[in-house]
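Observations on chain architecture
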Amino acid sequence: MTEKKQKKSRISPMFRRTVSHFFTKPATTKYPFVKPKLPDDFRGETQYKVKSCNVIELGSPDLLTLDVRSIVGVNCSVCVRDCPANAIEIVEVDGKRRPQFNFDRCVFCYQCVESCPRKAIKSSELYELATTDKKSLIKKPNPNETETAK
Ligand code: SF4
Ligand code: SF4
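Attention in this report is confined to the structure presented alongside it. (Residues numbered from 1 in each chain as written. Chains lettered and ligands numbered in written order. Predicted model: local features only at pLDDT ≥ 70, side-chain atom pairs only at ≥ 80, totals over all residues.)

Section: the environment of Arg-98
Using the following cut-off: Segments assigned H or I by DSSP are reported as helices when at least four residues long, segments assigned E as strands when at least two residues long, and all are numbered from the N terminus. Working definition of a contact: two residues with C-beta atoms, positioned from the backbone, lying within 7 Å.
For Arg-98, the location among the structural elements is in strand E5 (residues 96-102). Counting along the chain gives 45 residues from Arg-98 to Cys-53, while the straight-line C-alpha distance between them is 8.1 Å. Leave out the neighbours within four places in its chain, and Arg-98 touches Val-50, Cys-53, Ile-90, Val-91, Val-93 and Pro-141.

Rendered as structure tokens:
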């Protein structure tokens, strides 16, 4: 094979591949301009309901609730115990000890959602947590709101 033919045989597949990309669907998405469709079991930022931390829900749809403070106390801390990333710590808010979530450590395993006996920690579809301010990833419990506050 002549040198010219060898060069041509090398360029030809490359050229064909390049041209083929003009007619194929892009592998990338248009995020952030177009939000992705999330799966049903997507694990986003966990949401903590301060008010639920003292009650246990016994089934639905009747939403039967029972105040179990006298039975299990107000500081059950099961979420802290079960978090594999050590991302939850108990802090004091209005004289009550409550869980505080550190999302810079969280691995979004949802063990806390599974473990909480009072269904006080819920899943969410929030995933845009990127920040240059690490402190903003610490979610302090706010007793005046139903969801976790910054
Ligand atoms: S999702 Fe997992 S890592 Fe994150 S706070 Fe809950 S238990 Fe810890
Ligand atoms: S496991 Fe649930 S009820 Fe217990 S401290 Fe954590 S959030 Fe509150």
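Don't stop here, the text continues.
Here we look at unusual backbone geometry
We count it as follows: Labels follow a simple rule on C-beta atoms placed from the backbone: if 20 or more others lie within 10 Å of a residue's own, it is buried; if 12 or fewer, it is exposed; otherwise it is partly exposed.
In this model, Tyr-31 is joined to Pro-32 through a cis peptide bond whose omega is 10°. Within the secondary structure layout, Pro-32 lies in the loop between helix H1 (3-21) and strand E1 (47-48). The backbone of Phe-108 shows a phi angle near 55°, a positive value even though the residue is not glycine. In this fold, Phe-108 is placed in the loop between E5 and helix H4 (111-115). By the C-beta count within 10 Å, which is 16 here, Phe-108 ends up partly exposed. Notably, Lys-119 is not glycine yet its phi reads approximately 55°, a positive angle. Tracing the sequence through the fold places Lys-119 in the loop between H4 and strand E6 (121-122). Exposure remark for Lys-119: the 15 C-beta atoms within 10 Å place this residue in the partly exposed category.

A word on the nonpolar core
Our working rule: By convention the nonpolar core is taken to be a set of buried residues drawn from Ala, Val, Leu, Ile, Met, Phe, Trp, Tyr and Cys and joined through C-beta atoms within 7 Å.
Ranked by internal contacts, the top residues of the largest apolar core, which has 13 residues, are Cys-79, Ile-88, Cys-112 and Ile-121. Residues within four places of Ile-121 in sequence aside, it is in contact with Thr-46, Tyr-48, Cys-79, Cys-112, Val-113 and Cys-116.

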